[in-house]
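This is what each chain is made of:
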Amino acid sequence: MEHAGPGRVETGSEDAQIVVSGVSHVYRPKHGRQVLALDDINLTVRRNEFVALLGPSGCGKSTLLYLTGGFLPVEQGTICVLGETVRKPGPDRGIVFQHFALFPWKTVRANVMYGLERKGVPRREAEVRAAEILVQVGLKGFEDSYPSQLSGGMRQRAAIARTLVLDPATLLMDEPFGALDAQTRNLMQIELLALWRRSPKAVVFVTHDVHEAVYLAERVVVMSARPGRIKAIVETGIDRSDPEFVKSRAFVEKVDEIWHLIHEEDGKAAP
Ligand SMILES: Nc1ncnc2c1ncn2[C@@H]1O[C@H](COP(=O)(O)OP(=O)(O)OP(=O)(O)O)[C@@H](O)[C@H]1O
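What you see is a predicted model, and the numbers here were worked out from it, not measured in a lab.

Asks: Explain the nonpolar core to me, please; I cannot follow it from the model alone.
Replies: One finds Phe 205 and Ile 258 to be the most contacted residues of the largest nonpolar core, which totals 70 residues. Residues lining this core come from more than one domain, with at least three contributed by each of domain 1 (1-92 + 169-271) and domain 2 (102-167). Dropping the residues within four chain positions of it, Phe 205 is found in contact with Phe 50, Val 51, Ala 52, Leu 53, Met 173, Leu 216 and Ala 217.

The structure is reproduced here in structure tokens:
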């Protein structure tokens, strides 16, 4: 089985959307000890590619996402998104967290319109765009509800809509379905794939769930236990045109292959 090795440096190209080169990250808390969270990460995400980041707890998946989003400073190495070096957050990169970051005092519509209004989009146009995206995520009829009146799955749809309405070229998702029940999670996965096909964008999707990673992603990046390094990059190569593809032998074998890569890391985290 061919895997990209941990030390392989992927070079940028016209086809590259995100290029992470030689990125390491050390947390230096005021109290407590330093943690080397990421160690020499090199990764290229292709234009409009769907990539999943998988690895043991604490291996730096969220850290890599926050660095790419510009929420943490890149102190060692560089990250370029569409040719621009990342120095701060920007509207070209949308981020969705595990815990639905909605304003509880605003309606679903107002939550979705918030980012557009901050960008100076006229109110009428913002309303139209919010209405369209709420239809796409299946929240038509709930525009005037408040987050507290929605189920967990609906709140996460609203949070996704709030990010998608800005039409970011790059979507960074940190375990967005981790808090959902299995059935809602599967519905959200189906919807996310449909949205990604309708409006292609690069997606970096952090998950703990091997099945979810293979279900969604074109490539799965497997990270090693802390300090996070890239252990392997696996092309899923799944033909999703068959509605029953999760039952296919290719799917089951890919899940198994990646599961083994992850479990080789069990108990290996640096102290
Ligand atoms: N603000 C912080 N200060 C100090 N250490 C931190 C901080 N944030 C994260 N870390 C440490 O950095 C390492 C990587 O954390 P990170 O959250 O990126 O991992 P992760 O792979 O996303 O974990 P999980 O799968 O459990 O969410 C962990 O050891 C964590 O304890």
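Asks: Looking at this model, I keep getting lost on the site of the ligand. Mind explaining?
Replies: For the ligand, the set of nearby residues contains 14 residues, the closest of which are Tyr 27, Ala 37, Ser 57, Ser 62 and Thr 63. Of all the elements in the fold, those that place two or more residues in the shell around the ligand are strand E2 (35-46) and helix H1 (61-69). In terms of residue count, the dominant contributor to the shell around the ligand is H1 (3 residues). A class-by-class count of the residues in the shell around the ligand yields 5 nonpolar, 7 polar and 2 charged.

Asks: How should the domain arrangement of the protein chain be read in this particular structure?
Replies: Interfaces are frequently sized by the accessible area removed from exposure as the parts join. Domain annotation for the protein chain reports domain 1 (1-92 + 169-271) and domain 2 (102-167). Computed from C-alpha coordinates alone, the two centres of domain 1 and domain 2 are separated by 26 Å. Listed as interface residues are 11 residues of domain 1 and, on the opposing side, 12 residues of domain 2. Broken down by element, the side of domain 1 that touches domain 2 gets its largest block of residues, 4 residues, from helix H5 (residues 182-198).

Asks: Explain unusual backbone geometry here, please?
Replies: Keep in mind that most residues, glycine aside, have a negative phi and that most peptide bonds are trans. Omega for the peptide link from Arg 226 to Pro 227 comes to 0°, which places this bond in the cis form. Inspection of the secondary structure puts Pro 227 in the loop between strand E9 (219-223) and strand E10 (230-235). Phi is positive for Asp 40, which is not a glycine, with a value near 55°. Overall, the presence of 17 C-beta atoms within 10 Å leaves Asp 40 in the partly exposed class. Of note, the phi angle at Glu 175 is positive, near 45°, even though the residue is not glycine. The buried category is assigned to Glu 175, around which 20 C-beta atoms lie within 10 Å.

Asks: Looking at this structure, how should I read H1?
Replies: In an α-helix there are 3.6 residues to a turn, and that puts residues three or four apart on one side. Of all 9 residues making up H1, 7 are buried, and the element is well covered by its neighbours. Residues of H1 that are buried include every one of Lys 61, Thr 63, Leu 64, Leu 65, Leu 67, Thr 68 and Gly 69, and no others. Within two residues after H1, Gly 70 carries a phi angle of roughly 85°, on the positive side.

Asks: Can you walk me through the environment of Pro 227 in this structure?
Replies: Residue Pro 227 is classed as buried on the basis of its C-beta count, with 21 C-beta atoms lying within 10 Å. The spatial distance from the C-alpha of Pro 227 to the C-alpha of Val 74 is 16 Å, given a sequence separation of 153 residues.

Asks: Just checking my understanding: could you explain the environment of Val 128 for this structure?
Replies: By secondary structure assignment, the location of Val 128 is in helix H3 (residues 123-136). A count of 12 C-beta atoms within 10 Å places Val 128 in the exposed class. Separated by 112 residues in the primary sequence, Val 128 and Ala 16 place their C-alpha atoms 32 Å from one another.

Asks: Just to check I follow, could you spell out the sheet that holds strand E8 (residues 202-207) for this structure?
Replies: Think of a sheet as strands paired side by side through backbone hydrogen bonds, with each pair either parallel or antiparallel. In spatial order, the strands read E6-E7-E8-E3-E9-E10; together these 6 strands make up an open sheet with mixed pairing. Edge positions in the sheet fall to strand E6 (93-96) and E10, since each has one partner strand and no second. On average, each strand axis in the sheet is tilted by 15° relative to the strand beside it, whichever way the strands run. Where E9 meets E10, 5 bridges bridge the pair, whose relative direction is antiparallel. Its bridge partner lying in E10, Val 220 is registered against Val 234.

Rules used throughout
Residues numbered from 1 in each chain as written. Predicted model: local features only at pLDDT ≥ 70, side-chain atom pairs only at ≥ 80, totals over all residues. Core = buried A, V, L, I, M, F, W, Y, C linked by C-beta atoms within 7 Å. Buried ≥ 20, exposed ≤ 12 C-beta atoms within 10 Å, placed from the backbone. Domains from an automatic or database assignment. Contact = placed C-beta atoms within 7 Å. Near = placed C-beta within 6 Å. Helix = DSSP H or I, 4+ residues; strand = E, 2+ residues; numbered from the N terminus. Nonpolar A, V, L, I, M, F, W, Y, C, P; charged D, E, K, R; others polar. Pairing = 2+ DSSP bridges. Axes fitted to C-alpha atoms, helices over the stretch in contact; angles between N-to-C directions.

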